[in-house]
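# Observations on the model geometry
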Amino acid sequence: MEKMKEKKKVNEKLLEIKPSGIRRFFDLIIGREDVISLGVGEPDFPTPWRIREEMIYSLEKGITSYTSNYGLEELRVEIAKYYRKFGLDANPDNIVVTSGVSEGFDLSLRATVNPGDFVLIPEPSYVSYQPLAILCGGNVVTISIPPPSRLTYEEITTASRMIDPKILILNYPSNPTGVSYSKKELEEIADAVVEMDMIVISDEIYSELTYKFPHTSIAGLNGMEDRVVVLNGFSKSFAMTGLRIGYVIAPDEILDAVLKIHQYSMLCAPITSQIGAIEALRNGESELDEMRAEYMRRRNFFVRKLNEVLETHMPEGAFYAFPSIKDTGLSSEEFAERLLLEKNVAVVPGNAFGESGEGYIRCAYAVSMDKLREAADRISEFVNSLR
Amino acid sequence: MHEADKKVEVLKLLEDNARYSVDEIADITGLSREDVEKIISECENEKSILKYKTIIDWEKLGEEFVVALIDVRVNLTREKNYDDIARRIAKFPEVHAVRLVSGEYDFQIVVKGKSLKDVSFFVSEKVSTLPEVRDTNTHFVLKSYKEEGVLLFSDEEDRRLAIVP
């Protein structure tokens, strides 16, 4: 009998995806003591007490059921109201509550990308974007914009004329660079998007953490009505990372597609987290203001300190500094590894965020001022020892 | 930043941590070293900075203190108003705080002593005997959980992983 062809056990698309660049680095850290970690992309504040208390109370009352696939009506109404501050008048019916922006991002790609479609990603970019786009069968094309350079009309149109991309992925304020865009800059990007007939997936998870100018959602700009998927959530602004709660705001056609996948895969976001999110939007503003002010103080302090030894642009948002280490002659990975082994400070090598991140390291300043001071001193000692 | 905002920002930092150096405050706020020095010395001169203090968890060190909150009801006369009475009470070194409050009593005072006997003696001999004092109601503090906005217990350790992209 003819031997049957061997079946591949895993999705072949996965073979195209490299393991995360920081995996090896993560292994180095395990077991080390007294490491000051600037490698953590999450707030060091616990979830504000009023939010936790509201969730605890809901559990005491036995509120543990499924919700509608869309998410709680009350929450979607609050989100729609809240998003007006970013210039978007959203309809609660155009919102789906998700298990964090990570799920929202995956849904948005799966809802819009057909195999072979080009997906344009400005780089350095958050680590999940490229792999998830590849899993949908998308062809990823990156635009290199290491800081302080910024995405412009010309860059988008030039890249687009060659490949005619369907999707542009935006993330601002950016993880890892901290770059954000003013309304005027976004209008130029929007012009390019209309001209090239693209859909924007706009990850605005750091929208509350801006220090130079307030955040504007590209979805609220003229001409963007039917072509933007907004992703946002509660992890960074309200220190609710582990509660996995986010949302997608999208035009009808895309939202229907997003909802279809969400209802067959996740069904709905956890109700406890949804209840916490309602409290966050209704009463969490003062805690948010305090956290933002504290991040800004840390940014000012830390970036000035870093600039004494490494060229570092002043981030406009999020909580990451992205200093250049090119002068040291080390690669990002070498730098991060030696800094860890010699000075016990953990940072993320820039190339974890794509090739354009080579020559940089990402330092999260979501740690206490005392630790930042110590980390900055150790980084200085390390850099000086290389010279 | 407006002048007033600069001042508030510097004072907030010092209120949170009186040990910040002038250089650190300058780095954090983006102000020059000279501006920070000027703001601090102005505030010291105009007494908007009253004192630099440290909050200590004495219980942790095994030091024993007795703290009592005393409600005080007073009789006012033409010669003696609230301010006069409060000033008189406030001058005792045992008294840590004197507040005019609404409700059944007129003042709430915070007294700190070495022992129950100490505090009781102070209340009965010094406060209650003031001619304007009608009556007092003493509450001894059994345990303190939060002082000056600082939690005196910790249940919120950092559980984050060392690396999360």
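Every chain begins its residue count from 1, and numbering advances along the sequence as written. The order in which chains are written sets their letters, starting at A; the order in which ligands are written sets their numbers, starting at 1. Under the rules for a predicted model, residues below a pLDDT of 70 receive no local features and side-chain atom pairs below 80 are neither given nor counted, while totals for whole chains, interfaces and linings still include all residues. In computing side-chain values, all of the structure's heavy atoms are included and hydrogens and water are not.

As recorded in an unreviewed UniProt entry, chain B goes by the name Transcriptional regulator, AsnC family, listed as coming from Archaeoglobus sulfaticallidus PM70-1.

Which entries qualify depends on this criterion: UniProt positions are given in the numbering used here, feature names are shortened, and annotations may be inferred rather than shown by experiment.
An unreviewed UniProt entry annotates chain A as Aminotransferase of Archaeoglobus sulfaticallidus PM70-1. The annotation that UniProt attaches to chain A under Subunit (unreviewed entry) is "Homodimer." The Sequence similarities (unreviewed entry) field of the UniProt record for chain A holds the comment "Belongs to the class-I pyridoxal-phosphate-dependent aminotransferase family."

### Things to note about empty space enclosed by the protein
Residues and elements named next belong to chain A. Inclusion rule: The pocket and cavity definitions rest on a 1 Å grid over protein atoms only: a 1.4 Å probe that fits but cannot leave marks a cavity, an open set with protein on both sides within 12 Å along at least five of seven lines marks a pocket, and residues lining either have an atom within 4 Å of a point. Grid points are joined across faces, edges and corners, and a volume is the space filled by probe spheres set on the points. The way it works is that DSSP assigns letters per residue, a run of H or I at least four long becomes a helix, a run of E at least two long becomes a strand, and they are numbered from the N terminus.
In total, this model carries one cavity of 30 Å³ or more according to the counting rule given. The space that makes up the largest cavity amounts to roughly 170 Å³. Taken together, 17 residues line the largest cavity, and the ones lying closest to its centre are Pro-122, Pro-124, Ile-145, Asn-171 and Ser-174. Secondary-structure elements contributing two or more residues to the lining of the largest cavity are β4 (118-123) and β6 (167-171). Per element, the largest residue contribution to the lining of the largest cavity is three residues, and it comes from β6.

### A word on the nonpolar core
Residues and elements named next belong to chain A. Let me state the cut-off plainly: Throughout this description, the term nonpolar core refers to a set of buried Ala, Val, Leu, Ile, Met, Phe, Trp, Tyr and Cys residues connected via side-chain atoms within 4.5 Å. For the exposure calls, accessible area comes from a 1.4 Å probe over protein chains only, and a residue counts as buried if that area is under 20% of its type's maximum, exposed if over 50%, partly exposed in between.
By size, the foremost hydrophobic cluster in this structure holds 89 residues, and its most contacted members are Leu-38, Leu-109, Ile-169, Phe-302, Phe-335 and Ile-379. Among the elements that take part in this core, helix α12 (residues 369-386) stands out by supplying seven residues, more than any other. Counting 49 residues, the second largest nonpolar core, distinct from the first, contains Ile-51, Leu-75, Ile-156 and Tyr-247.

### Here's the deal with the UniProt feature "domain: Transcription regulator AsnC/Lrp ligand binding" (unreviewed entry) in chain B
Under the local residue numbering, the UniProt record ascribes the feature "domain: Transcription regulator AsnC/Lrp ligand binding" (unreviewed entry) to residues 72-143 of chain B. Helix makes up 29% of residues 72-143 of chain B and strand makes up 33%, while its end C-alpha atoms are separated by 22 Å.

### Some words on the pattern of salt bridges
Applicable threshold: What makes a salt bridge here is a side-chain nitrogen of Lys or Arg within 4 Å of a carboxyl oxygen of Asp or Glu, nothing more.
The full count for this structure, using the stated rule, is 32 salt bridges over all chains. Across the pair Asp289(A) and Arg292(A) runs a salt bridge whose closest N-O atoms are separated by 2.9 Å. Placement of the pair is Asp289(A) and Arg292(A) together in helix α10 (residues 285-307), with a separation of three residues, close to one helical turn. Among the salt bridges present, the one from Lys7(B) reaches Glu46(B), with a minimum N-O distance of 3.0 Å. Of this pair, Lys7(B) sits in helix α1 (residues 3-16) while Glu46(B) sits in the loop between α3 (33-45) and β1 (66-74), placing them 39 residues apart in sequence. Since its relative accessible area comes to 45%, Glu46(B) is described here as partly exposed.

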